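Results of the structural survey
For reference, the chains in residue letters:
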Amino acid sequence: MGFASLAFSSGIGLSFHLSGTVTEPAMQSEPETVCNVAISFDRCKITSVTCSCGNKDIFYCAHVVALSLYRIRKPDQVKLHLPISETLFQMNRDQLQKFVQYLITVHHTEVLPTAQKLADEILSQNSEINQVHGAPDPTAGASIDDENCWHLDEEQVQEQVKLFLSQGGYHGSGKQLNLLFAKVREMLKMRDSNGARMLTLITEQFMADPRLSLWRQQGTAMTDKYRQLWDELGALWMCIVLNPHCKLEQKASWLKQLKKWNSVDVCPWEDGNHGNELPNLTNALPQGANANQDSSNRPHRTVFTRAIEACDLHWQDSHLQHIISSDLYTNYCYHDDTENLLFDSHGWPLWHEHVPTACARVDALRSHGYPREALRLAIAIVNTLRRQQQKQLEMFRAQKKELLHRGVTSITNLEGWVGHPLDPIGTLFSSLMEACRVDDESFHGFSDFTENMGQCKSLEYQHLPAHKFLEEGESYLTLAVEVALIGLGQQRIMPDGLYAQEKVCRNEEQLISKLQEIELDDTLVKIFRKQAVFLLEAGPYSGLGEVIHRESVPMHTFAKYLFTSLLPHDAELAYKTALRAMRLLVLESTAPLGDISRPHHIASVVPNRYPRWFTLSHIESQQCELASTMLTAAKGDVRRLETVLESIQKNIHSSSHIFKLAQDAFKIATLMDSLPDITLLKVSLELGLQVMRMTLSTLNWRRREMVRWLVTCATEVGVYALDSIMQNWFTLFTPTEATSIVATTVMSNSTIVRLHLDCHQQEKLAGSARTLALQCAMKDPQNCALSALTLCEKDHIAFETAYQIVLDAATTGMSYSQLFTIARYMEHRGYPMRAYKLATLAMTHLNLSYNQDTHPAINDVLWACALSHSLGKNELAAIIPLVVKSVKCATVLSDILRRCTLTTPGMVGLHGRRNSGKLMSLDKAPLRQLLDATIGAYINTTHSRLTHISPRHYSEFIEFLSKARETFLMAHDGHIQFTQFIDNLKQIYKGKKKLMMLVRERFG
């Protein structure tokens, strides 16, 4: 709804009150609406609003906004009146009576009960209303001593926040809550006292969220987006309590409220997981003996702990006052004999305070509308950090020999600046970048900072222009970039808990993303060079130092950014930085833990715990990305590629990531638009070989893909690479992989064509493949024998050797299915007698019970009997006892019996010659033995079936007896045997009357 479409039928302005009617034109589906609007204001602030539209929202409805704008833009159109009390004073008694009666007549339904009540009280001598002199006037405005603030519909704020929270992050509720936080920041910047009120209302709703207790009971972590909202809540309270001009009673009220929230069981903890037992580091300056007393005993640090601690901070320090109030605050009386100097060697002011706390002051100044002051303090902090860097470098150089000899350090920071709840580096970076983007005049928007702050004690200092606080050639931009690099390169310990660790990664990536938006010029490249050199040389004070704590946050993501930024300008430094960052000490089993006997900074308070790095998979992927970036850049440079390869082999512990790097290197080496880079191909092959060795004895679902890829890679490298992997197969592959994938692929026509091999090379390669095949068959005959036979087909001696390996293993290590498969292969190759031999060996391992009439081996048994039958009577006579012993299934035996009686054994012999002869007799061996076994199997199976038969299987059983009768009748006395069998069934199972009736109907 646009304001232009609203029309005003009237508007009345009293000195502190504005009322009018706003008409909203009719829409297609909506009729014309008229809204009555009333607005009260005091000292340029709207203090209350009412509108008959009934719309409920945190912000003013369009009708209130429209009436306000109308009054601002067209003041002449609004008739101005004195306060109503002044008007009434000018009336005589008759006029007053007429006024009251007309007012009651016009609004009698609304005001008559109130009018009657007031009249009764006025006429009563002892009423409360008669004890007060005068009467209230809502149009007269507030007293000069009364507080005046913008109107805020507290109920609506609570309802909206409650609604957004109930939606659980869906329907854009998270975005809406972030907009509310942004509104709070906007209020603070405008110095609107409603900012703190609104944040209080929001916090109360957050604390009342029923999910908090539910998650605590279930031990479930809150969602990441919801957790970030709590972080912003804590940061905003930090800003509010650090308001440089808030009154003491205000701060005391906030502290009381914060402590109340902090004491609630479900109040979220700062690290998002469990309590962080860090000491209270917020108060670096001594500001009272009991400053830390309350917080030091708290078991956990909550999202409000830092704000509570910040209530102990003040802005009265004279040095701090001079820093933020003047661009001309310098002192050339420099003596480098103390740790916490107020000025550096240039005479520029320094600010020594716990860095996150100092940066929280910067954020508070910015948030409360003091950008110039925030910038001054930010510059002082950055200059302090740069001086500290230099001191740390000197300190390391003094003890370098000893530290390098020990190879371990306990020096680290328990609180990293990147990923910190207060985001100190992000605050400094944003403040300095804002100064680059905005016009200087915008910094003079609020110049009353020193009002009500009291007079600061005068220090001896000389005047110097503001820009002199930077080195020659430096700017706010270079300072922003440098402080970001300092923060990213800080050696800090990995925090506890999943959320805190994810936050470290997320904030690092966010900061780098902002840096990537800046185009590097020569000045910025110098900053990069300077910081890269420092990070490499600063030892344990840098995340890229020679000696770091085992549990330091890895530098892979940061180093990748440094590498790509420095590469076009200083390749040597770029590679040195990236190679140093490749390490991942937490995975080094031999990496010693910190020696905390001589801590210089903060020693690890938990040196012996086994670290739980929840983000390890992400960290390893970043390590892989860094390595891949270096491999890509090093293409064509043999020395660099060798160095990168060594680094990968030494530092990367994940086979999946090494495999990815091998694939990346292969792709880069074989790009379509250029000749293959043989050095990079060899790197790819080396990495692939490492993957094979790493995954040889471990389960990996991608193993088959890895083996196939390695053969492809070796093929690209050349015939010697293929020969090499086959000769050393036992260190790289399982026997199955070596025969079924490696040797088979190497011997394929496509490989021979791809490599353009001559006959001599082909034979050499084939010889290696046969040797491999025989070695694999010896090691794992069950899985490799068939492949070995296939690979050795063209070499008689090798083939015979493979066959003998199969025979040797057949009695012990091979299953009937493996032997049947090889036997069929032998028949296919024209070795029927060998096939028969293997089939008989297979039969000795087989056992088919009476009910296994769908067993997968049945086809193999039928094939073996058919093979024996085709070879002759002797072979059939030899296999039938094996069949009778191994097969107890009646239907299978009857099928074999039927097939054996159809043709004469040996009728189709070798080479297709037909043999003459008679059909075999069922009364003589070997078929008599088979017939008896089949009849016996039918009898046994019948009894087994009748033990647990149900009526629904009766018809199926009768059909089974019919098949049995066919087999019985094949014997010369079969009819008698079957009749006796049926009579026997009738007698034994006479209780199954319905079934026996069906038997009599079919068989008599």
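Sequence positions are assigned chain by chain, starting from 1 and proceeding in written order. Side-chain atom pairs in this predicted model are given and counted only at pLDDT of 80 or more, local residue features only at pLDDT of at least 70, and totals for whole chains, interfaces and linings cover all residues. Side-chain metrics rest on all non-hydrogen atoms present in the structure, leaving aside hydrogens and water.

Here we come to the overall build of the chain. Tallying secondary structure elements over the chain gives 41 helices and seven strands in all. When each of the 1004 residues of the chain is scored for burial, the buried share is 48%. Here, two residues are considered to be in contact whenever any of their heavy atoms come within 4.5 Å of each other. Sequence separation of 24 or more characterises 73% of the internal contacts of the chain that already satisfy a separation of 6 or more. When the accessible surface of the chain is split by element, carbon and sulfur atoms take 53% of a total near 50,700 Å². Helix and strand definitions follow DSSP, with helices as H or I runs of at least four residues and strands as E runs of at least two, each counted in order from the N terminus. Three labels apply to residues, based on accessible area from a 1.4 Å probe with only protein chains included: buried if under 20% of the type maximum, exposed if over 50%, partly exposed otherwise in between. Here the accessible surface of atoms and residues is derived via Shrake-Rupley with a 1.4 Å probe, and residues count as covered only by protein chains that are part of the display.

All right, on to the pattern of salt bridges then. By definition here, a salt bridge exists when the distance from a side-chain nitrogen of Lys or Arg to a carboxyl oxygen of Asp or Glu is within 4 Å. Enumeration over the complete set of coordinates arrives at 42 salt bridges. The closest approach of N and O atoms between D327 and R376, which form a salt bridge, is 2.7 Å. Pair noted here: D327 is in the loop between α13 (318-325) and α14 (355-367) and R376 is in helix α15 (residues 371-406), with a separation of 49 residues, a long-range link. With relative accessibility at 22%, the residue D327 sits in the partly exposed group. The buried category is assigned to R376, whose relative accessible area is 17%. Between E737 and R703 there is a salt bridge whose closest N-O contact spans 2.7 Å. Here E737 is found in helix α28 (residues 735-746), whereas its partner R703 is found in helix α26 (residues 703-717), with 34 residues between them in sequence. Among the ionic contacts, a cluster of salt bridges with common partners joins E270, R301, R306, E309 and E415.

What goes into a patch is any residue over 30% in relative accessible area without a salt bridge, connected to like charges within 9 Å or, for nonpolar side chains (Val, Leu, Ile, Met, Phe, Trp, Tyr), within 5 Å. A grouping of I84, F99, V100 and L103 is seen on the molecular surface, where their side chains present a nonpolar patch of about 300 Å² in accessible area. Its location among the elements puts L103 in helix α3 (residues 93-106).

Pairs of aromatic rings are described using the distance from one ring centre to the other and the angle between the two planes. Working definition: rings of Phe, Tyr and Trp (its six-membered ring) pair if their centres are within 6.5 Å, and the pair is stacked with planes under 30 degrees apart, edge-to-face with planes over 60 apart, and tilted otherwise. On inspection of all chains with the given rule, the structure shows 20 aromatic pairs. One aromatic cluster is present, formed by F181, F206, W215, Y226, W230, W237, W261 and F304 through successive ring pairs. The lysine or arginine in question, R361, covers the ring of W315, its NZ or CZ lying 5.0 Å from the ring centre. In this scheme, the term charge over a ring applies when either NZ of a lysine or CZ of an arginine sits within 6 Å of the ring centre and within 35 degrees of the ring normal. Sitting above the plane of the Y803 ring, R834 keeps its charged end 4.4 Å from the centroid.

Of all hydrophobic cores here, the largest spans 252 residues; its most connected members are I202, F206, W230, F304, L631, F733 and L838. Look past the residues within four positions of F206 in its chain and what remains in contact with it is V161, L165, L177, F181, L212, Y226, L229, W230 and L233. Definition of nonpolar core: a set of buried residues of the types Ala, Val, Leu, Ile, Met, Phe, Trp, Tyr and Cys, connected through side-chain atoms within 4.5 Å. Among the nonpolar cores identified, the runner-up in size contains ten residues, and V37, I39, I46 and C61 belong to it.

Right, let's get into the environment of K175. Within the secondary structure, K175 is located in helix α6 (residues 173-189). Judged by relative accessible area, K175 falls into the exposed class, the value being 62%. K175 sits eleven residues away from F164 along the chain, and the two C-alpha atoms are 9.3 Å apart.

What follows concerns the packing of helix α19 (residues 522-537) against helix α21 (residues 571-581). Helix-helix packing is described using two parameters, namely the angle between the two axes and the distance between the axes. Packing of α19 against α21 brings their axes to within 10 Å, and their N-to-C directions diverge by 40 degrees. Compared by their axis directions, α19 and α21 come out oblique. The handedness of the crossing between α19 and α21 is left-handed. On α21, the residues touching R529, A532, V533 and L536 of α19 are L573, K576, T577 and R580. A class-by-class count of the residues in the contact of α19 with α21 yields four nonpolar, one polar and three charged. As a rule, the C-alpha atoms of each element are fitted with a line to give its axis, helices using only the stretch in contact, and angles between N-to-C directions run from 0 to 180 degrees. For classification purposes, angles smaller than 35 degrees are called roughly parallel, those larger than 145 roughly antiparallel, those between 65 and 115 roughly perpendicular, and all remaining angles oblique. By convention the crossing between two helices is left-handed if the near helix lies anticlockwise of the far one by an angle smaller than a right angle, and right-handed if it lies clockwise. Classification convention: Asp, Glu, Lys, Arg as charged; Ala, Val, Leu, Ile, Met, Phe, Trp, Tyr, Cys, Pro as nonpolar; all other residues, Gly among them, as polar.

On to α14, then. Count 3.6 residues to each turn of an α-helix, and residues three or four apart come out pointing the same way. Between its first and last C-alpha atoms α14 spans 18 Å; for 13 residues at 1.5 Å apiece the expected length is 18 Å, and the two agree. A positive phi of about 85 degrees marks G369, the residue just after α14. Expected helix span is taken as 1.5 Å per residue step, with the number of steps being one fewer than the number of residues.

A separate point is the packing of helix α22 (residues 616-633) against helix α24 (residues 655-669). Between α22 and α24, the shortest axis-to-axis distance is 10 Å and the interhelical angle comes to 25 degrees. Regarding the angle of α22 to α24, the classification is roughly parallel. In the packing of α22 onto α24, the handedness of the crossing is right-handed. Counted together, S617, E620, S621, C624, E625, A627, S628, L631 and T632 of α22 and H657, K660, L661, D664, A665 and I668 of α24 form the full contact between these two elements. Looking at the contact of α22 with α24, its residues break down into six nonpolar, five polar and four charged.

To continue, consider the confidence of the model for the chain. pLDDT is defined as a per-residue confidence score from the predictor, taking values between 0 and 100. In this model, the chain carries a mean pLDDT of 83, and residues with pLDDT of at least 70 account for 85%. Highest mean pLDDT in the chain belongs to helix α20 (residues 556-566) (98); lowest belongs to strand β7 (residues 602-603) (34). For the stretch residues 274-298, pLDDT sits under 50, and the model shows 46 contacts to residues farther than four places along the chain or on other chains. Here residues 439-466 is a poorly scored stretch, pLDDT under 50, and it has 58 contacts once near neighbours within four places are set aside; other chains count.

Glancing now at unusual backbone geometry. For R191, which is not glycine, the phi torsion reads 60 degrees and is therefore positive. With respect to the helices, strands and loops of the structure, R191 is situated in the loop between α6 and α7 (194-207). Positive phi, normally seen in glycine, also occurs at D423, with a value near 45 degrees. Relative to the assigned elements, D423 resides in the loop between β6 (411-412) and α16 (424-437). For D423, a relative accessible area of 30% translates into the label partly exposed.

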